[in-house]
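# A closer look at the structure
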Amino acid sequence: MTGVVGVDIGGTKTAVGTLGQLLGVWPTPDSGPALVELIQAALEGSGAALSRLGVCVAGRVDPERGTTRAANLPSLVGFPLRDALHAALRVPVTLVNDADAAALAEHRAGSARGARASVFVTVSTGIGAAYVSGSGALRGAHGQAMELGHLPSPGAHGPCHCGRQGCLELVASGSAINRALRVRLNRPGAAPAELAALAAAGEPGVQEVLHAAGHALGVALLPVCLTLDPDVIVIGGGAALAYGDRLLDPVRGALRDALQPWPGPDVRPACLGVQAGVTGAALAAMDAAPVAAR
Ligand SMILES: [Zn+2]
């Protein structure tokens, strides 16, 4: 099927692309109508022959109403995004969560290609996750399946932004890692890139922080492995990209220890980067098409 385009709407940037090519990245406008105009202009400028559009958004998606509820995209709350795009572009529009889209992309075209079942974890501002098998991404009754970041974690204390206490995000998200590194290295104002450079230079104390975060994430993945049986776990997001195996090795170790004597899944870094959301949104749009049209 040709003419399928994916759009990845983030809190700060919106990317548009096809399955094999990124057409462009723009600042995300601060209103729904302006966003629709941006996507329309991007498609007209690219000359792409559009037959279907897939759109992924950070946060909860209501597939029935075609609306989104993302904490970092308040201007879209209540805006009929799917219907507005359909009215402007006159093609079928599929709306999905961004973690589900990235998971679908890594499962079919990225690090988990060939896996029967895979889990995708994104470690960035928060922790998102998704599970993909032959039947697609697991969504649950309210689109909230795989809220890994809000599992209780033994080392986590205090309130989480979700309203609960002691969530994994408080110790293993990119924000939590950077917060702990600033304290450990006594660099209160350090930017994430500066912290990543200090980690790459082997600054003392860094590995201890990364080990604590990776270990907590590995322990949290135990019930996921026992209940969902993935053969591959893909870890992406800004923190995974910045710290690589310094973060992933403790995940692997904790999971291996916890699962013994059972064999564990392969834990691999994500490989699609900024392309993952766009690719996954396009794949979700293809999945939504009638079989005869694919
Ligand atoms: Zn929480």
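None of these values were measured; they are calculated from a predicted model.

Calculation criteria
- Numbering of residues starts from 1 in each chain and follows the order in which that chain's sequence is written.
- Residue-level local features of this predicted model are given only where pLDDT is at least 70; pairs of side-chain atoms are given and counted only at 80 or more, and the full residue set underlies all totals for whole chains, interfaces and linings.
- The side-chain numbers reported here are obtained from all heavy atoms of the structure, hydrogens and water having been left aside.
- As annotated, the domain borders come from an automatic or database domain assignment.
- Only heavy atoms matter for contacts: two residues are in contact if any of them lie within 4.5 Å across the pair.
- Buried area counts how much accessible surface, traced with a 1.4 Å probe, disappears from two parts once they are put together, with both parts' losses summed.
- Just to be clear on terms, a salt bridge is a Lys or Arg side-chain nitrogen sitting within 4 Å of an Asp or Glu carboxyl oxygen.
- Residues were grouped as follows: Ala, Val, Leu, Ile, Met, Phe, Trp, Tyr, Cys and Pro as nonpolar; Asp, Glu, Lys and Arg as charged; and all remaining residues, including Gly, as polar.
- The buried label goes to any residue with under 20% of its type's maximum accessible area, the exposed label to any with over 50%, and the partly exposed label to all in between, with areas taken from a 1.4 Å probe on protein chains only.
- Only DSSP runs of H or I reaching four residues or more are called helices, and only runs of E reaching two or more are called strands; each is numbered from the N terminus.
- DSSP bridges decide pairing: two strands pair if at least two such bridges lie between them.

### Observations regarding the domain arrangement of the chain
- Along its sequence, the chain is organised into domain 1 (4–100 + 274–293) and domain 2 (113–269).
- The C-alpha centroid of domain 2 is placed 27 Å from the C-alpha centroid of domain 1.
- Contact residues are listed per partner, giving four residues for domain 1 and eight residues for domain 2.
- For the domain 1 and domain 2 pair, buried surface summed over both sides reaches about 560 Å², with 50% attributable to carbon and sulfur atoms.
- For the domain 1 face of the interface with domain 2, the top three residues by lost area are Arg60, Ala99 and Asp100, together amounting to 80%.
- The interface formed by domain 1 and domain 2 contains one salt bridge.
- Considering only residue class, the side of domain 1 that touches domain 2 consists of two nonpolar, no polar and two charged.

### As for the pairing of strand 8 (residues 118–123)
- Taken across its six residues, strand 8 has six buried, putting it largely inside the fold.
- Every second residue of strand 8 is oriented toward a common face, with Ser118, Phe120 and Thr122 on one face and Val119, Val121 and Val123 on the other, all of them buried.
- Where strand 8 and strand 9 (residues 127–133) come together, six bridges link them in antiparallel fashion. Bridge pairing in strand 9 places Ser118 opposite Val132.
- Count of turn residues in the strand 8/strand 9 antiparallel hairpin: three residues.
- The pairing of strand 8 with strand 11 (residues 232–236) spans five bridges and is classified as parallel. Paired with Val121 across the bridge in strand 11 is Ile235.

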